[in-house]
Amino acid sequence: MKSWLKIVITFFTAILIAWLTGFLLIFQTLLNNDIPEMGLQKGDRILVNRCAYGMRSLIELFHDYNSPKQLPQKGDLIAFYDPLSTIKSISSRPVNIGRCTALPGDTVCFTWKNNNHTFKHQKLVIPQKGIPIKVEPYNKIILANALHLHENKNVCWDCDSVLVVDGKRLKSVCFSQDYLWIGNTESTTLSYDSQLFGLIPTSHVAGKILCTTFSFDSEQPFYRSLRLNRCFIPLH
């Protein structure tokens, strides 16, 4: 075999291995904002374990759906695909990180705003696949948002006491997926978590956060931008 052909085969084999590693095992994502409560800074590169919740199959390569084999544990730092992105392909959306604070079937307290009034410590049951959830005035918007964004349902936003889905008036709803609540439910800051974007389905989970790999400070000159004290910091 000619030497140039060996070089080409070796080159494309290396690319294939790197791509499969990123698809099946681990990948790296860039943090675009500070998250003080997690000890993270803008410019951190975060290493994500894709197989922490079960090994992905090559079949999923041809489907825009990532079904985890097991649920995250409460308190895990996870990477997830942006639930508010308008990109149709879930796996092509920007990756965000947050803490899983509630699992399917758990009850969380959240702040609900309506007509300039703020109602704190309202209770919400996190949807579990196939388990009906009663529609209440304070959870209707969150449930409707999840149905619209993640279940492809036609939802009436102007109905008062009940939820109208695909033209039917419902007093309880069932979901086709398990859902999670992300972030600090007691937080008063405008962090990018479920207080802002609502519930996320488990199909949006990209993996579990492992550590920082390295970090650059974009406000510093290039020769001083590398933060040596932020390399390979484990995250919990």
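My aim in this report is to walk through the structure given alongside it, one point at a time. (Residues numbered from 1 in each chain as written. Predicted model: local features only at pLDDT ≥ 70, side-chain atom pairs only at ≥ 80, totals over all residues. Heavy atoms only, no water.)

For the rest of this paragraph, the subject is the overall build of the chain. Looking only at helices and strands, the chain has 3 helices and 14 strands in total. Sorting the 236 residues of the chain into buried and exposed places 42% on the buried side. Element-wise, carbon and sulfur atoms account for 57% of the exposed surface of the chain, whose accessible area totals about 14,000 Å². (Helix = DSSP H or I, 4+ residues; strand = E, 2+ residues; numbered from the N terminus. Buried < 20%, exposed > 50% of the residue type's maximum accessible area, 1.4 Å probe, protein only. Areas by Shrake-Rupley, 256 points an atom, 1.4 Å probe, with all protein chains shown as cover.)

A few words now on helix H2 (residues 140-150). The α-helix winds at 3.6 residues per turn, so residues separated by three or four positions along the chain end up facing the same way. Summarising burial for H2: 8 of the 11 residues are buried, a large majority. Residues Lys-140, Ile-142, Leu-143, Ala-144, Asn-145, Ala-146, Leu-147 and His-150 constitute the buried set of H2.

The subject of this paragraph is the pairing of strand E4 (residues 95-102). Summarising the sheet, strand E3 (residues 77-81) and E4 pair through 5 bridges and their orientation is antiparallel. Residue Phe-80 lies in a different strand from E4, and its bridge partner there is Asn-96. In terms of strand pairing, E4 meets strand E12 (residues 179-182) through 2 bridges, oriented antiparallel. Residue pairing for E12: Cys-100 is matched across the bridge by Ile-182. (Pairing = 2+ DSSP bridges.)

What follows covers the pairing of E3. The element E3 is extensively covered by neighbouring structure, given that 5 of its 5 residues are classed as buried. Burial along E3 is two-sided: the residues Leu-77, Ala-79 and Tyr-81 and Ile-78 and Phe-80 are all buried. Examined bridge by bridge, E3 and strand E14 (residues 205-215) share 3 bridges and lie antiparallel to one another. Directly across from Ala-79, in E14, lies its bridge partner Gly-207.

Turning to the pattern of salt bridges, a few remarks are in order. Applying the stated rule across the entire model yields 6 salt bridges. Its salt-bridge partner being Asp-76, residue Lys-208 comes within 4.0 Å of it at the nearest N-O pair. With a gap of 132 residues between them, Lys-208 in strand E14 and Asp-76 in the loop between strand E2 (44-49) and E3 connect regions that are remote in the sequence. Residues Arg-227 and Asp-217 are paired through a salt bridge, measuring 3.8 Å at the closest nitrogen-oxygen approach. With Arg-227 in the segment after E14 and Asp-217 in the segment after E14, the pair connects residues that are 10 residues apart, well separated along the chain. Of the residues examined, Asp-217 reaches a relative accessible area of 19% and is grouped as buried. Where salt bridges share partners, they join Asp-44, Asp-217, Arg-227 and Arg-230 into one cluster. (Salt bridge = Lys/Arg side-chain N within 4 Å of Asp/Glu carboxyl O.)

Attention now moves to the nonpolar core. If you look at the biggest cluster of nonpolar residues, it comprises 20 residues, and the most contacted ones within it are Leu-124, Ile-126, Leu-163, Phe-175, Trp-181 and Leu-199. Elements that contribute at least two residues to this core include exactly strand E5 (107-114), H2, strand E9 (163-165) and E12. Per element, the largest residue contribution to this core is 5 residues, and it comes from H2. Non-local contacts of Leu-124, meaning those with residues more than four positions away in its chain, are made with Asp-106, Thr-107, Val-108, Phe-110, Asn-139, Ile-142, Trp-181 and Leu-199. Leu-31, Tyr-81, Ile-209 and Leu-235 belong to the second largest nonpolar core, which has 15 residues in total. (Core = buried A, V, L, I, M, F, W, Y, C linked by side-chain atoms within 4.5 Å. Contact = heavy atoms within 4.5 Å.)

It is worth spelling out the sheet that holds strand E1 (residues 26-30) at this point. In sheet architecture, strand pairing relies on hydrogen bonds along the backbone and comes in two forms, parallel and antiparallel. As summarised here, the arrangement of the 7 strands in space is E1-E2-E14-E3-E4-E12-E13, forming an open sheet in which the pairing is antiparallel. Unpaired on one side and paired on the other, E1 and strand E13 (200-201) mark the two borders of the sheet. Pairing between E12 and E13: 2 bridges, direction antiparallel. Bridge assignment links Tyr-179 to a residue of E13, and that residue is Pro-201.

With antiparallel pairing, 3 strands are arranged side by side in an open sheet as E8-E9-E10. Looking along the sheet, the strands with just one partner apiece sit at the ends: strand E8 (155-156) and strand E10 (168-170). Examined bridge by bridge, E9 and E10 share 3 bridges and lie antiparallel to one another. The residue bridging Leu-163 from the neighbouring strand is Leu-170, located in E10. Each of E8 and E9 touches H2; the most contacted strand, E9, lies at about 10° to it. (Axes fitted to C-alpha atoms, helices over the stretch in contact; angles between N-to-C directions.)

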